[in-house]
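Chain by chain, the residues run as shown.
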There are 2 protein chains.
Amino acid sequence: MNPEIFENIIKFINQFVDFKEEELIALQNKIEIVQLKKNEIFIQEGEIADRIAFTNKGYLKVYYYHEGEEITRDITPLHSFATALPSFVSQTPSFEIISAITDCELITINKSDLEYLYSSFPKWERLGRKIIEEMFVESQRRIYSFITETAEIRYKKLLKQYPDMIRDVPLKYIADFLGIKLQSLSRLRKSLEW
Amino acid sequence: MNPEIFENIIKFINQFVDFKEEELIALQNKIEIVQLKKNEIFIQEGEIADRIAFTNKGYLKVYYYHEGEEITRDITPLHSFATALPSFVSQTPSFEIISAITDCELITINKSDLEYLYSSFPKWERLGRKIIEEMFVESQRRIYSFITETAEIRYKKLLKQYPDMIRDVPLKYIADFLGIKLQSLSRLRKSLEW
DNA sequence: TTAATTATTTAACAAATGTTAAATGATTTT
DNA sequence: AAAATCATTTAACATTTGTTAAATAATTAA
């Protein structure tokens, strides 16, 4: 496999399951590289999510419309997986939309090819399980932070963990991610200036 | 398998993967039934979580200590799986504690037996993946509700979805679960009386 | 059954966050 | 470069939730 472009995903995958060079080849033909310009849509509302993406470059947002307003539930960090999972797992129309916050390079695989990998090679199914376990743990961490932390602490931690994200992503999406309004985030940032 | 006691778990499992009678037998020897009295602990802080539980009867809470205070992150609904996942997956000491809110009957399996099932029968690994996917989706739903809904709406929805839970579980844990203080929940309940 | 403990409510005041509306700044398009 | 659009800040006021401290209610243990 082209080491240039696949370096990050291979590094990510090998955290969970050890694949040999030749096992990774099985993936090669199934993969499609997708380049998205800022604001382009990866998964559209009402569409059935049939692909999962690894963010090789750039930031995606996962959002939906709530009372006419766009609400960003997730900003995918660099080098992580994203899809509209409720739609992807049940193959029903997606209420979630995924689009590019910045120009993005995505490594994608579609549902049927992934199912093929899962069914043909138990190691891939294991990888799928482990990745989703990790995503679940992270999701639980976020729930803890909603329960116990103020917006200020959540913001400070995000700033510390993903300084680049704050730089590259409009504050509207950061505010949604933190569960507060843009104006409240702005006030909060002001109060942290000194 | 004793249909009496395993009825719920079999129903749960068969939502995800179709097992034949004889395939379920593989599970039988691996399972341990645990009866917990109210307030008894299933996973202790600092202990390595080596079991996962299906709640056949009763409610468990998943909590941890934050600034000396107990904070409940999760109340497990009836007939669902629970473990201190960060500890369970990485086999490191758990910061989370799991204990019984009410008397509980748990169907448990330990980590090494589960790994054995995963490795020996791909269908079990598939089941594990699907269950965790479902848990992740539910977790994301909760994040949406923290972002877009007021505590009042979160409470009303909980009341509607799990009326029994509100009846059987002290309000302190419900309040934690909703991300508000007990006193705020009490005030909120008062305001809903009319 | 009484005492002790645990759970829930109440209330006054404080702090955090939301709402509305507008101003300012930055970026993109013409 | 000017106009248009998008992003961020600001401010006044409203609402929600937290904090502290206590009273009351319900449950459990002696």
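Residues numbered from 1 in each chain as written. Chains lettered and ligands numbered in written order. Predicted model: local features only at pLDDT ≥ 70, side-chain atom pairs only at ≥ 80, totals over all residues. Heavy atoms only, no water.

Peer 1: Any chance you could explain the relation of the copies chain A and chain B here in plain terms?
Peer 2: In this structure, two copies of a chain are linked by a rotation about an axis accompanied by a shift along it. The two copies are related by a screw motion: chain A maps onto chain B through a turn of 180 degrees and a shift of 0.0 Å along the axis, at an RMSD of 0.0 Å. The two molecules are tied by a two-fold rotation axis, judged by turn and shift. Most of the interface of chain A is mirrored in chain B, where 100% of its interface residues are also at the interface. (Least-squares fit on C-alpha atoms with pLDDT ≥ 70 in both. Contact = heavy atoms within 4.5 Å.)

Peer 1: I tried to follow the interface of chain A and chain B on my own but got confused; where do I start?
Peer 2: When the parts of a complex come together, some accessible area is lost, and that lost area is often used as the size of the interface. The interface is formed by 36 residues belonging to chain A together with 36 residues belonging to chain B. Taken together, both faces of the contact between chain A and chain B bury some 3400 Å²; the carbon and sulfur share is 67%. Summed over the three residues of chain A that lose the most area to chain B, namely A:Phe136, A:Tyr144 and A:Ile147, the buried surface amounts to 21% of that side. The interface formed by chain A and chain B includes 4 salt bridges. Two residues, B:Glu125 and A:Arg126, come together in a salt bridge whose shortest N-O distance is 3.0 Å. (Buried area = accessible area lost by both parts, 1.4 Å probe. Salt bridge = Lys/Arg side-chain N within 4 Å of Asp/Glu carboxyl O.)

Peer 1: Looking at this structure, how should I read the protein's contact with DNA strand D?
Peer 2: Inspection of the region around DNA strand D gives 16 residues, with A:Leu171, A:Lys190, B:Gln183, B:Ser184 and B:Arg187 positioned closest. Sugar and phosphate atoms constitute 54% of the interface atoms of DNA strand D, taking the interface as everything within 4 Å of the protein. Within the contact set of DNA strand D, a phosphate oxygen lies 2.9 Å away from a side-chain nitrogen or oxygen of B:Ser184. Between DNA strand D and the protein, one listed contact pairs a base oxygen with a side-chain N or O atom of B:Arg187 at 2.9 Å. For the surface near DNA strand D, the secondary-structure elements that each account for two or more residues are helix H8 (171-178) and helix H9 (182-192) of chain A together with helix H9 (182-192) of chain B. The leading source of residues in the surface near DNA strand D is H9(A), at 5 residues. (Near = heavy atom within 4 Å. Polar contact = N/O pair within 3.5 Å; in protein donor to acceptor, adjacent residues only side chain to side chain. Helix = DSSP H or I, 4+ residues; strand = E, 2+ residues; numbered from the N terminus.)

Peer 1: Help me understand unusual backbone geometry in this model?
Peer 2: A negative phi angle is the norm for most residues apart from glycine, just as the trans form is the norm for most peptide bonds. Located in the positive-phi region is A:Asn39, a residue other than glycine, with phi close to 75 degrees. The topology assignment puts A:Asn39 in the loop between strand S1 (31-36) and strand S2 (41-43). Overall, the relative accessible area of 52% leaves A:Asn39 in the exposed class. Although it is not a glycine, B:His79 adopts a positive phi angle of roughly 60 degrees. By secondary structure assignment, the location of B:His79 is in the loop between strand S5 (69-76) and strand S6 (81-82). Given a relative accessible area of 29%, B:His79 falls into the partly exposed group. (Buried < 20%, exposed > 50% of the residue type's maximum accessible area, 1.4 Å probe, protein only.)

Peer 1: Just checking my understanding: could you explain the nonpolar core for this structure?
Peer 2: Buried together is how nonpolar side chains tend to be arranged in soluble globular proteins. In terms of nonpolar packing, the biggest core is built from 94 residues, with A:Trp124 and B:Trp124 touching the most fellow members. Those residues in contact with A:Trp124, other than ones at most four positions away along the chain, are A:Ile13, A:Phe19, A:Glu23, A:Leu24, A:Leu27, A:Leu117 and A:Tyr118. (Core = buried A, V, L, I, M, F, W, Y, C linked by side-chain atoms within 4.5 Å.)

Peer 1: What should I look at first to understand the protein's contact with DNA strand C in this one?
Peer 2: For DNA strand C, the set of nearby residues contains 15 residues, the closest of which are A:Lys181, A:Gln183, A:Arg187, B:Leu171 and B:Lys190. Counting only atoms of DNA strand C within 4 Å of the protein, the sugar-phosphate share comes to 54%. With respect to DNA strand C, the side chain of A:Ser184 contributes an N or O atom lying 2.9 Å from a phosphate oxygen. Within the side chain of A:Arg187, a nitrogen or oxygen atom sits 2.9 Å from a base oxygen of DNA strand C. When contributions to the surface near DNA strand C are tallied by element, the ones reaching two or more residues are H9 of chain A together with helix H8 (171-178) and H9 of chain B. Among the residues forming the surface near DNA strand C, the class breakdown is 5 nonpolar, 5 polar and 5 charged. (Nonpolar A, V, L, I, M, F, W, Y, C, P; charged D, E, K, R; others polar.)

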